[in-house]
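Descriptive structure summary
The lines below spell out each chain.
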Amino acid sequence: MDPKPVKNLDPHLKFQDDGFLGLVKLPVSRERNVAIADLMKDIGPICTHSQANLSQLFSEFSDINEDVILDILLMMVNNNKYDEDKKSPNPSFSLYKSNNRNEFTYDSSFASKWNIDVFIDYVSSNYPNLSWGKVIKKLDKPNLKFQNSASFLYLFECFKKMKKNSNFTFPSIIIFKKWKNTRSQVEFLLNIFRVGNPDAIFLGEPPKKEIKLLFDCKTTIDNSIRLFMHLDLLELLIELSDTDSYLEIRNLFEIQMRRYPEVILSALLQMKSKSDYPLMKDLFYDLVLILLSGTEDYKLYLSETWKRNPKLLTTTLNTICRFSYSPQLVEKMYNFAAADNEVLTSILAGSHYTLAFLLAIVASQKDKLELKTWILQKAQQSGHLFLSAI
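Predicted, not measured: the structure shown is a model, and the values here were computed from it.

For the rest of this paragraph, the subject is the pattern of salt bridges. This model, assessed by the stated rule, comprises 14 salt bridges. Among the salt bridges present, the one from Glu235 reaches Lys209, with a minimum N-O distance of 3.4 Å. Of this pair, Glu235 sits in helix H12 (residues 231-240) while Lys209 sits in the loop between helix H10 (182-195) and helix H11 (223-226), placing them 26 residues apart in sequence. Under the relative-accessibility criterion, Lys209 is labelled partly exposed at 42%. Close ionic contact of Asp222 with Arg259 constitutes a salt bridge, the shortest N to O distance being 3.4 Å.

Okay, here's the thing in structure tokens:
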């Protein structure tokens, strides 16, 4: 149905004046320092019902750039179901009206929704020097917020429409590289994982490093865990966890850790350069504890971990012995270490004394070691550090 002109914006708005949009002597943007995104929010979706409506509105604003366009998009996706019943006239809208009653066209098929296609077509046609790729990069801004996961997904639907309109390459930097505004980036990445669909957010397009699965996966791979197979994305999360967003990021891993321990372990083992981050140590602790407590293949997992990062594994086992001790767990640790004499020898000779002492006890019970002699030798070598640990 063709849009038709209306003199009243929308019956729900109940303005005193039956005119809609007129030009004032001074542009409203200069009169009240009103941002165009705020004004569009005040007016409602009708301003995107036709290019003519947008032309009237944009004529009041001279500085239209990528920042402005992103602010408009964020406003629309965060208000994608417009609730006219709760709307009241806003001073910026009242200022915008005048006795010059220019009419807006109204499209009933978009009564309470923004017409994103019309908006993108208008911007592309009237601002040919504007770059959609740069618009997306402007997400690196302070205080980035999304109303919910649906709003976030809606933004990427807008990006797809832009791509269809201009066929640009999605800027991978916005997903895989660290931003200046780290809190905004955490908000962005958390929403990527909440949506849980790589195809919906262009992860199939940008260059990426995928993890190599080191173990057979016992659970069918679904969309949610596919996100954890992008190594550069996970490395970025580990870096960002060293902020006040630690708990939020840790929760992302913990949700998947019990369902897909093979995937998470494969990922952690391929991020050796991040081993010193507190989150890496904590995730290894939780994951190794899960593997020791609940899977028959724990020796396979621990052996591969030892090959790739023996220091981290030994530290983790030692911490488990100190804070989550049980005879059953120590027995399994011994079974793993004794399967390769070099591993057991290395642990017994090392400086993780709680782990070494407990494994030495098990070894002596199996007549593999003379405990008293080992303790005396260890005490001579390491002194009070060893004695205080046991």
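Quick look at the packing of aromatic side chains now. For the coordinates displayed, the defined rule picks out 18 aromatic pairs. Measuring from ring centre to ring centre gives 5.8 Å for Tyr353 and Phe386, while their planes differ by 75°; the resulting arrangement is edge-to-face. In this pair, Tyr353 sits in helix H20 (residues 353-365) while Phe386 sits in helix H22 (residues 384-389), placing the two residues 33 residues apart along the sequence. A residue is classified by how much of its surface remains accessible, and Tyr353, at 13% relative accessible area, is buried. Note on Phe386: relative accessible area 0%, which makes it buried. Linked through ring pairs, Phe146, Phe152, Phe156, Phe159, Phe170, Trp179 and Phe188 together constitute an aromatic cluster.

Below, the discussion takes up the confidence of the model for the chain. A low pLDDT means the predicted coordinates there should not be read in detail. Taken residue by residue, the chain gives an average pLDDT of 84. The fraction at 70 or more is 82%. Ranking the elements of the chain by mean pLDDT puts strand E1 (residues 4-6) last, at 41, and helix H18 (residues 327-338) first, at 97. In the predicted structure, residues 1-32 sits below a pLDDT of 50 and forms 90 contacts with residues beyond four places in sequence or in another chain. Scored below 50 in pLDDT, residues 84-101 makes 53 contacts in the model with residues more than four places away or belonging to other chains.

Reading the values: the criteria
- Residues numbered from 1 in each chain as written.
- Predicted model: local features only at pLDDT ≥ 70, side-chain atom pairs only at ≥ 80, totals over all residues.
- Heavy atoms only, no water.
- Salt bridge = Lys/Arg side-chain N within 4 Å of Asp/Glu carboxyl O.
- Helix = DSSP H or I, 4+ residues; strand = E, 2+ residues; numbered from the N terminus.
- Buried < 20%, exposed > 50% of the residue type's maximum accessible area, 1.4 Å probe, protein only.
- Phe/Tyr/Trp six-rings, centres within 6.5 Å; stacked < 30°, edge-to-face > 60°.
- pLDDT = per-residue confidence, 0-100.
- Contact = heavy atoms within 4.5 Å.

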